[in-house]
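Residue strings, one per chain:
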Amino acid sequence: MHDFDELKAFAEVMASGSLTRSARKLGLAKSTLSRRISHLEARLEQPLLRRQANRLLPTEAGLVFHRYCQDMLKLAESSHEALAELREDISGTVTLEVHSALARGWMGQVLDTFMARYPQVELTLRTRDEPPSSLNSHSVHVCLGPVPENGLHQEPLGSLTRGLYASPSYLSQQPLLEHPRDLADHPWIDLLSTTQDGLLLHHESQANYHFYPPRSRLRVDMTALHLDAIAHGKGIGLLPHWLADKREAHHPGELVPCLPNWQPAPLPITLLYAYGYQPRRVKALLAFLRQTMPRQWQHNEVAA
């Protein structure tokens, strides 16, 4: 029977290669940490670590045992979580990652409600625009755009329709836009990597048009800056109708649609989370996100 304090000590030293750093991280005296590893080695009847210069390196036995050590620690953590789930309250830590285009217009309105509903949950909110390749059982990611296969559960949540926008002051000084080919004569405001392969525009009665934006003098990597640049008359750009509507609600008259009969494909919104066991707090967060999804995402409503 292994002592989990000894297993944690060994795993931490394997990660850092230093007794001093590991002792500091675990909040232990260096002598206590060294004693725990010595007890583990005595129990296994084999040395697990060897000193080389100022670093501790694993022996062959240490490399083999480390894999089992990690599995035992993960199993112990899962058992504690499973027992914690038997409590009536929903508590603990959870991490929510959201695409930056969704964070400001959606998260700010719903997080207060979620935390008020579950006062014992500690929530960490991060913005992240690239889909993750992995997530632990405490994390949820809300992705905007296509998601490659990544070993995570991918649950469709909705979609954002999009269109071309500019400011009225900009358009009043430019030639009339009648067809997407006319866009080549206008400055393009680029949100990095969104139109690098061109933009396929659909029309109900005309043939699709594949628009390749001209090189942009202004390129930004934040949705808020992209919105500002278009609203301030720097040129024409591609925006989700939902975000444009929200901007217009707070700053009327800053944005108008261009070529409204030409539409690119909607961007899917996807919930990403790990397969398998989910703590109650993660289940509660997933259910809450589904319930608070804006109506426009579900019905693909576009701006008038």
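Conventions we followed
Residues numbered from 1 in each chain as written. Predicted model: local features only at pLDDT ≥ 70, side-chain atom pairs only at ≥ 80, totals over all residues. Heavy atoms only, no water. Pairing = 2+ DSSP bridges. Helix = DSSP H or I, 4+ residues; strand = E, 2+ residues; numbered from the N terminus. Axes fitted to C-alpha atoms, helices over the stretch in contact; angles between N-to-C directions. Contact = heavy atoms within 4.5 Å. Phe/Tyr/Trp six-rings, centres within 6.5 Å; stacked < 30°, edge-to-face > 60°. Buried < 20%, exposed > 50% of the residue type's maximum accessible area, 1.4 Å probe, protein only.

A. Local environment of the sheet that holds strand S14 (residues 267–273). Pairing in this open sheet of five strands is mixed, and the strands run S4-S3-S5-S14-S6 from one edge to the other. Each of the sheet's edge strands pairs with one partner strand only, and the pair in question is strand S4 (121–127) and strand S6 (153–160). Neighbouring strand axes in the sheet, compared pairwise and without regard to direction, differ in orientation by 20° on average. Across five bridges, strand S5 (residues 139–144) lies against S14 in antiparallel orientation. Pairing of Val140 across the sheet is with Tyr273, part of S14. The strands touched by helix H9 (residues 280–291) are strand S3 (92–98), S4, S5, S6 and S14; relative to S3, the strand with the most contacts, the crossing angle is about 35°.

B. View of unusual backbone geometry. Positive phi is not limited to glycine here, since Glu45 has a value of about 60°. Assignment of secondary structure puts Glu45 in the loop between helix H3 (30–44) and strand S1 (49–52). We note that Leu259 has phi near 50°; this positive angle belongs to a residue other than glycine. On the secondary structure map, Leu259 appears in the loop between strand S13 (256–258) and S14.

C. Spatial organisation of the packing of aromatic side chains. Scanning all chains against the criterion turns up six aromatic pairs. Ring centres 5.2 Å apart and planes at 55° place the aromatic pair Phe114 and Phe288 in the tilted group. With Phe114 in helix H5 (residues 100–117) and Phe288 in helix H9, this residue pair connects regions lying 174 residues apart in the sequence. Phe288 carries the same exposure label as Phe114, and that label is buried. Arranged with centres 5.2 Å apart and planes meeting at 80°, the rings of Trp242 and Trp297 form a pair that is edge-to-face.

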